[in-house]
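# Architecture and fold: a report
Listed below are the residues making up each chain.
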Amino acid sequence: MAARINPSILSADFANMQRDLERIASADYVHVDVMDNHFVPNLTFGPQMVERVQATSPVPLDVHLMIEDPDRWAPQYAELGAFSVTFHAEAATAPITLARTLRGLGARAGVALSPKTDVAAYLDLLPEFDQVLVMTVEPGFGGQKFLPHVMPKLTRLREAADRLGLDVWLQVDGGVTDETIEVAASAGADTFVAGSSVFGAADAGAAIEGLRAAASAHLHRH
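I will try to describe carefully the structure that is included in this document. (Residues numbered from 1 in each chain as written. Predicted model: local features only at pLDDT ≥ 70, side-chain atom pairs only at ≥ 80, totals over all residues. Heavy atoms only, no water.)

### Here we look at the overall build of the protein chain
Helix and strand counts for the protein chain come out as 9 helices and 8 strands. Compactness check: the protein chain gives a C-alpha radius of gyration of 16 Å against a globular reference of 17 Å for 222 residues, within 12% of the reference. With the principal axes as the frame, the protein chain shows a C-alpha extent of 40 × 40 × 30 Å. Taken across its 222 residues, the protein chain has 54% of its residues classed as buried. Sequence separation of at least 24 residues holds for 65% of the intrachain contacts in the protein chain that already meet a minimum separation of 6. (Helix = DSSP H or I, 4+ residues; strand = E, 2+ residues; numbered from the N terminus. Rg over C-alpha atoms; globule rule 2.2 N^0.38 Å. Buried < 20%, exposed > 50% of the residue type's maximum accessible area, 1.4 Å probe, protein only. Contact = heavy atoms within 4.5 Å.)

Here it is, written out as structure tokens:
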């Protein structure tokens, strides 16, 4: 199995979004960070922008909601046709209900865990999710340094998924480079969000391929 590479359009040129989406046509998915300036101190895209990206992207959308009240707002992103919708465990009041709603609308349901969030409460809930996003930076801003101390979370999630026989994707987001992607893959991740390391490269396609090869060589075989 090859690693999945999901470039984050937070690092794209917003004035040339269509061009930058075409630059990442070889990616698995495009990662879309929705921030509301409440759950995190930053403001990015809303449903209209996501709908526009959905209409023009050459690859499916992996939407990451860093917003308050995802119980109310997350379903509309599934309704827009996003392949995957991930909400934060810290923000949802009824995460299992919300995950089931998202699945019912045809999207993959993901839950994101911020660096300080304990993974223990989610190990037995893994069957309810299609993806768990382990944040490798504090959510809210691009360009931060990778936090290696969260790697044990990935290992525990991978062990739990294997024990339960689940095909849960384990995603990391933040500070992903050729070097840190190997660390995360070895810990159990199989899906990787990369921002500046892709969009900042002269050849985004080559950067995607390099990251995919680096991660695939270190994937936790399961």
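After that view of the structure, there is still more to cover.
### Considerations on unusual backbone geometry
Backbone geometry places N37, a non-glycine residue, at a positive phi of 65°. Mapped onto the elements of the fold, N37 is located in the loop between β2 (30-35) and α2 (47-56). For N37, a relative accessible area of 43% gives the class partly exposed. For D69, which is not glycine, the phi dihedral falls at a positive 55°. One can find D69 in the loop between β3 (61-66) and α3 (70-79).

### Section: the packing of helix α6 (residues 151-164) against helix α7 (residues 178-187)
It is at 8 Å that the axes of α6 and α7 come closest, and there the two elements cross at 35°. Here M151, L154, T155 and R158 of α6 come into contact with α7, specifically with V183, A184 and A187. Counted by class, the contact of α6 with α7 contains 5 nonpolar, 1 polar and 1 charged residues. (Axes fitted to C-alpha atoms, helices over the stretch in contact; angles between N-to-C directions. Nonpolar A, V, L, I, M, F, W, Y, C, P; charged D, E, K, R; others polar.)

### Some words on the pattern of salt bridges
By the definition in use, this model includes 10 salt bridges. A salt bridge links D13 to R19; the nearest nitrogen and oxygen atoms lie 3.7 Å apart. D13 gets classed as partly exposed once you look at its relative accessible area, which sits at 29%. A salt bridge links D190 to R158; the shortest N-O distance between them is 3.0 Å. Of this pair, D190 sits in the loop between α7 and β8 (191-194) while R158 sits in helix α6, placing them 32 residues apart in sequence. Given the relative accessible area of 2%, D190 is considered buried. (Salt bridge = Lys/Arg side-chain N within 4 Å of Asp/Glu carboxyl O.)

### Examining the packing of aromatic side chains
Inspection of every chain in the model, using the stated rule, returns 5 aromatic pairs. Aromatic side chains Y29 and F83 sit 4.7 Å apart centroid to centroid with 20° between the ring planes, which places their arrangement in the stacked category. Taken as a pair, Y29 in the loop between α1 (17-23) and β2 and F83 in the loop between α3 and β4 (84-88) lie far apart in primary sequence, 54 residues in all. Residue classification places Y29 among the buried residues on the basis of a relative accessible area of 12%. When its relative accessible area of 29% is taken as the criterion, F83 is described as partly exposed. (Phe/Tyr/Trp six-rings, centres within 6.5 Å; stacked < 30°, edge-to-face > 60°.)

### Observations concerning the packing of α7 against helix α9 (residues 204-216)
Orientation of α7 relative to α9, taken along the N-to-C sense of each, is 35°, at an axis distance of 8 Å. The way α7 lies across α9 gives a crossing that is right-handed. For the pair α7 and α9, contact is made by D178, I181, E182 and A185 and by G210, L211, A214 and A215, respectively. The class makeup of the residues in the contact of α7 with α9 is 5 nonpolar, 1 polar and 2 charged. (Left-handed = near helix turned anticlockwise from the far one by under 90°.)

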